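# Examining the three-dimensional arrangement
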Amino acid sequence: MPFLSRGKTLGFKRINQFYTLENILQELAKGGFIGRLVFDGVCRDLGKVLLRIELTGEKIVALEAEVGGKLYKGPQALEYYRKCLTEGEGYVEIIELDSEKVLIDLEDNPDARINLMIELPEARLKFSALHAAAKGKGLGLLGKMLYDMTTTECLTVEGIIDGKCDGVIKGELCPDSVNVVLSVKGTVSNISRKDELEGAFNAAQESCSMAELVMKRSG
């Protein structure tokens with residue numbers, strides 16, 4: 001079934017041998033795009049294909065493929081996605097979402113979840129700023145997103161965890177290190193690993209109502 005969240009359609013792009021699905025994914029990843037691509041067209045020997053691709057920056061986090069009247073989700077959709085990547089012809093709708101809406105889609109449609117990096121020509125992605133927010137049980141998914149995040153430089157992290165928690169998060173995420181201070185209900189935790197950070201958000205979702213983070217390039 002289509003993903004639940006609705007977003008803002010930024011436009012449509014024609015996909016062919018000269019401007020491929022891979023090209024548009026790389027362009028959007030470089031800009032830190034958060035949202036969904038819907039490809040409607042023909043791919044190689046597959047015939048008619050409909051792809052729904054959700055991405056946050058350089059990472060594809062959810063994937064669906066409709067081929068021959070059947071729906072494939074997550075890892076099962078990968079082979080169809082790959083065949084369309086450079087040999088698809090059709091149109092792509094570009095839909096902007098915020099991180100909270102992506103998290104809602106992941107929670108509503110867990111079978112579509114995937115963790116796939118978009119290969120960039122320079123193999124580098126530079127963030128200027130990234131905003132993320134989640135409510136209720138989405139806090140655990142936000143922790144998972146931070147755990148999965150891959151960066152090529154250090155990002156400063158600042159945010160709040162609200163509700164009954166009066167929480168604050170502040171610190172730095174680097175490619176090879178984590179240095180984050182998390183205060184929840186007056187208890188201060190010094191976090192030095194990504195799995196600890198994910199665990200803290202999983203624990204917080206039991207009693208906290210909302211988390212909001214801003215990540216920026218250090219320096």
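For the structure, see preceding data.
Before going into details, it helps to say that this report is about the structure given with it.

Analysis parameters
- Residues numbered from 1 in each chain as written.
- Predicted model: local features only at pLDDT ≥ 70, side-chain atom pairs only at ≥ 80, totals over all residues.
- Heavy atoms only, no water.
- Helix = DSSP H or I, 4+ residues; strand = E, 2+ residues; numbered from the N terminus.
- Rg over C-alpha atoms; globule rule 2.2 N^0.38 Å.
- Buried < 20%, exposed > 50% of the residue type's maximum accessible area, 1.4 Å probe, protein only.
- Contact = heavy atoms within 4.5 Å.
- Areas by Shrake-Rupley, 256 points an atom, 1.4 Å probe, with all protein chains shown as cover.
- Lys, Arg positive; Asp, Glu negative; His and termini not counted.
- Charge placed at Lys NZ, Arg CZ, Asp CG, Glu CD.
- Core = buried A, V, L, I, M, F, W, Y, C linked by side-chain atoms within 4.5 Å.
- Salt bridge = Lys/Arg side-chain N within 4 Å of Asp/Glu carboxyl O.
- Phe/Tyr/Trp six-rings, centres within 6.5 Å; stacked < 30°, edge-to-face > 60°.
- Lys NZ or Arg CZ within 6 Å of the ring centre and 35° of its normal.
- Disulfide = S-S within 2.5 Å.
- Pairing = 2+ DSSP bridges.

The helix and strand inventory of the protein stands at five helices and 13 strands. For 219 residues, the compact-globule formula gives about 17 Å, and the C-alpha radius of gyration of the protein, at 18 Å, lands near that figure. When the backbone C-alpha atoms are referred to their principal axes, the protein occupies close to 60 × 35 × 25 Å. Among the 219 residues that make up the protein, the fraction classed as buried is 48%. Put simply, of all contacts in the protein between residues at least 6 apart along the chain, 67% involve residues at least 24 apart. Carbon together with sulfur atoms contributes 49% to the accessible area of the protein, which is approximately 11000 Å² in total. The positive charge centre, built from 28 side chains, and the negative charge centre, built from 33, are 1 Å apart in the protein.

Residues L142, I161, F201 and M215 are the most contacted members of the largest nonpolar core, which totals 40 residues. With five residues, the single largest contributor to this core is helix α4 (residues 138-148). With sequence-adjacent residues up to four places away left out, I161 is seen in contact with L139, D166, G167, V168, L182, V184, F201, C208, M210 and A211. Ranked by size, the runner-up nonpolar core spans 31 residues in total, among them F33, F39, L55 and Y80.

What follows deals with the pattern of salt bridges. Summed over the entire model, instances satisfying the criterion amount to nine salt bridges. Of the charged contacts in the structure, one is a salt bridge between D105 and R36, with a shortest N-O distance of 2.9 Å. In this pair, D105 sits in helix α3 (residues 99-108) while R36 sits in strand β2 (residues 34-43), placing the two residues 69 residues apart along the sequence. Assigned by exposure class, D105 and R36 land together as buried. K48 serves as the salt-bridge partner of D40, at 2.5 Å between the closest nitrogen and oxygen.

The final tally for this structure, using the stated rule, is one aromatic pair. Ring geometry for Y72 and Y80: centres 4.6 Å apart, planes at 35 degrees, overall tilted. The aromatic ring of Y91 is capped on one face by R14, whose charged end is 5.1 Å from the ring centroid.

Here we come to the state of the cysteines. Counted according to the given criterion, the structure contains three disulfides. Between C154 and C174 runs a disulfide, and the two sulfur atoms are separated by 2.0 Å. In this structure the cystine formed by C154 and C174 twists about its S-S bond by roughly 115 degrees; its chirality is therefore right-handed. Placement of the pair is C154 in the loop between α4 and β9 (155-163) and C174 in strand β10 (residues 167-174), with a sequence separation of 20 residues. You can call C154 partly exposed: its relative accessible area is 24%. Through a disulfide, C165 is tied to C208; the S-S separation comes to 1.7 Å. In this structure, the disulfide formed by C165 and C208 twists by about -100 degrees around the S-S bond and is classed as left-handed. Taken together, the positions of C165 in the loop between β9 and β10 and C208 in strand β13 (residues 208-217) put the pair 43 residues apart, joining distant regions of the chain. Residue classification places C165 among the buried positions, given a relative accessible area of 1%. On the basis of relative accessible area, C208 is assigned to the buried category, the value being 4%.

Turning next to the pairing of strand β7 (residues 113-117). Side chains I114 and L116 of β7 all project onto a buried face; the interleaved residues R113, N115 and M117 project onto a face where none is buried. In terms of strand pairing, strand β4 (residues 59-67) meets β7 through three bridges, oriented antiparallel. Pairing of A62 across the sheet is with R113, part of β7.

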